[in-house]
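# Close look at the chain arrangement
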Amino acid sequence: MDTKSKKDQPIAAVLLSRAHEPDEANRIFTEKIQQRPLFLTPSSPPPSDARAARRRAQEKKKQQRKKALKPKPLSATQRRKLGLYDVPRERQKYAFFEPLHQLWLGYVREILGGEIYTGGEGAAAKLASADFHGAGVEVVRSGCVSRVGIKGIVVKDSKFAFEIVTRKDRLKLVPKEGTVFRFEVPAPLPVPGSKVGEGEAQGQQLEQMSKMVFEIHGEQFQFRSADRASRKFRSHFSKKL
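Structure report, in brief. Throughout, a residue's number is its position along its own chain's written sequence, starting from 1. Where local features are concerned, this predicted model is filtered to residues with pLDDT of at least 70; where side-chain atom pairs are given and counted, the filter is 80 or more; whole-chain, interface and lining totals use all residues. The basis for every side-chain value is the complete set of non-hydrogen atoms in the structure, without hydrogens or water.

### Details of a nonpolar patch on the surface
Among the surface-exposed residues, Leu74, Leu82 and Leu84 lie close enough to one another that they form a single nonpolar patch of about 300 Å² accessible area. With respect to the helices and strands, the residue Leu74 is situated in the loop between helix H4 (50–69) and helix H5 (76–82). Patch building starts from residues that exceed 30% relative accessible area and form no salt bridge, then joins like charges within 9 Å and nonpolar side chains (Val, Leu, Ile, Met, Phe, Trp, Tyr) within 5 Å. Only the protein chains shown count as covering a residue, and every accessible area follows the Shrake-Rupley method with a 1.4 Å probe. Throughout this description, the term salt bridge denotes a Lys or Arg side-chain nitrogen within 4 Å of a carboxyl oxygen of Asp or Glu. For helices the rule is a DSSP run of H or I covering at least 4 residues; for strands it is a run of E covering at least 2, with both sets numbered from the N terminus onward.

In structure tokens, the structure reads:
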């Protein structure tokens, strides 16, 4: 009788009877196995939440439609093919970029501050991170002799070259590698023997202008202008200098 009853019992009850007393084994089998609750996850929201579910579905469809209608941004190759980075032929005029040059002079005087008169490592570090769109530059030394003497306004400061519009309304592409550029910044000189106060008018502070000349080595500027703004430069010896 016992053998038949054991054969009729589930395997879990038989295993529990081997580890526990009969009463304890029956209790564990009843509570943990036979009466164990089975939790089911509903596949659809309850009727009370049906309206909110429909709203969420409609919002999701609207977002998908907006994504489908929104055009993808152009890649760098597509921008170059469309000529978005090129200066139009009718805009390659020196007079057209002279206002930009005047803005750049104010910009470079502001970032140099008092070091515009002293130069040194402080001025070099600031110029290394400056933007040269609108700068008036002149090629003073170059590995290609034909480039020496090119002078004009920088209309495009790319990673490896300057695009310069000359006074003859010609666009010149000058590589930075192996080239030394010179630019002049008019700097105000205080009147000798006068004490300049912060609240005085500009006409009382300044009487004459002096041109400060700087030279930059293009090989040290082979970065995009946006990258130079957030890049920290350290002074080091260069054999090419």
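### Looking at helix H3 (residues 22–34)
Since one α-helical turn is 3.6 residues long, residues separated by three or four positions face the same way. Categorising residues by exposure relies on relative accessible area from a 1.4 Å probe, with only protein chains included: less than 20% of the type maximum marks a residue as buried, more than 50% marks it as exposed, and the intermediate range marks it as partly exposed. All of the buried residues in H3 are Ala25, Ile28 and Phe29. In a view along the axis of H3, the buried residues occupy a sector of 100°, so they form one face of it. Exposed side chains of H3 directed beyond 90 degrees from the buried face belong to Asp23 and Gln34. Think of the arc as the fan of directions from the helix axis to the C-beta atoms.

### A look at a positive patch on the surface
Taken together, the side chains of Lys61, Lys62, Arg65 and Lys66 present a region of like positive charge at the surface. Following the sequence through the fold, Arg65 ends up in helix H4. All tallies of charge rest on Lys and Arg as positive and Asp and Glu as negative; His and the ends of each chain are not included. Charged side chains are reduced to one point each, which is NZ for Lys, CZ for Arg, CG for Asp and CD for Glu.

### Description of the environment of Ile164
Along the polypeptide, Ile164 turns up in strand S3 (residues 161–166). The class for Ile164 is buried, based on a relative accessible area of 0%. In this structure the C-alpha to C-alpha distance between Ile164 and Val154, which are 10 residues apart in sequence, comes to 4.5 Å. By definition, residues are in contact when any of their heavy atoms lie within 4.5 Å. Among all residues touching Ile164, those that are not within four sequence positions of it are Val137, Lys151, Gly152, Ile153, Val154, Arg170, Leu171, Lys172, Val174 and Phe181.

### Some remarks on H4
Compared with the 28 Å implied by 1.5 Å per residue over 20 residues, the 29 Å span of H4 between its first and last C-alpha is a close match. Counting buried positions over the 20 residues of H4 gives 1, only a small fraction of the element. Here the expected length of a helix is defined as 1.5 Å per residue gap, with one fewer gap than residues.

### A word on the pattern of salt bridges
Under the criterion given, the structure shown has 6 salt bridges. For Arg27, the salt bridge is made with Glu24, and the minimal N-O distance between the two is 2.5 Å. With a gap of 3 residues between them, Arg27 and Glu24 both fall in helix H3, about one helical turn apart. The exposure class assigned to Glu24 is partly exposed, which follows from its relative accessible area of 31%.

### Focus on the nonpolar core
Core analysis: the largest hydrophobic core is formed by 25 residues, its most contacted members being Phe132, Phe181, Phe183 and Phe214. Where this core is concerned, the elements lending two or more residues are helix H6 (94–112), helix H8 (120–128), strand S1 (136–142), S3, strand S5 (179–190) and strand S6 (206–217). By nonpolar core we mean a set of buried residues, namely Ala, Val, Leu, Ile, Met, Phe, Trp, Tyr and Cys, connected to one another through side-chain atoms within 4.5 Å. Residues Val87, Tyr94, Ile153 and Val165 belong to the second largest nonpolar core, which totals 6 residues.

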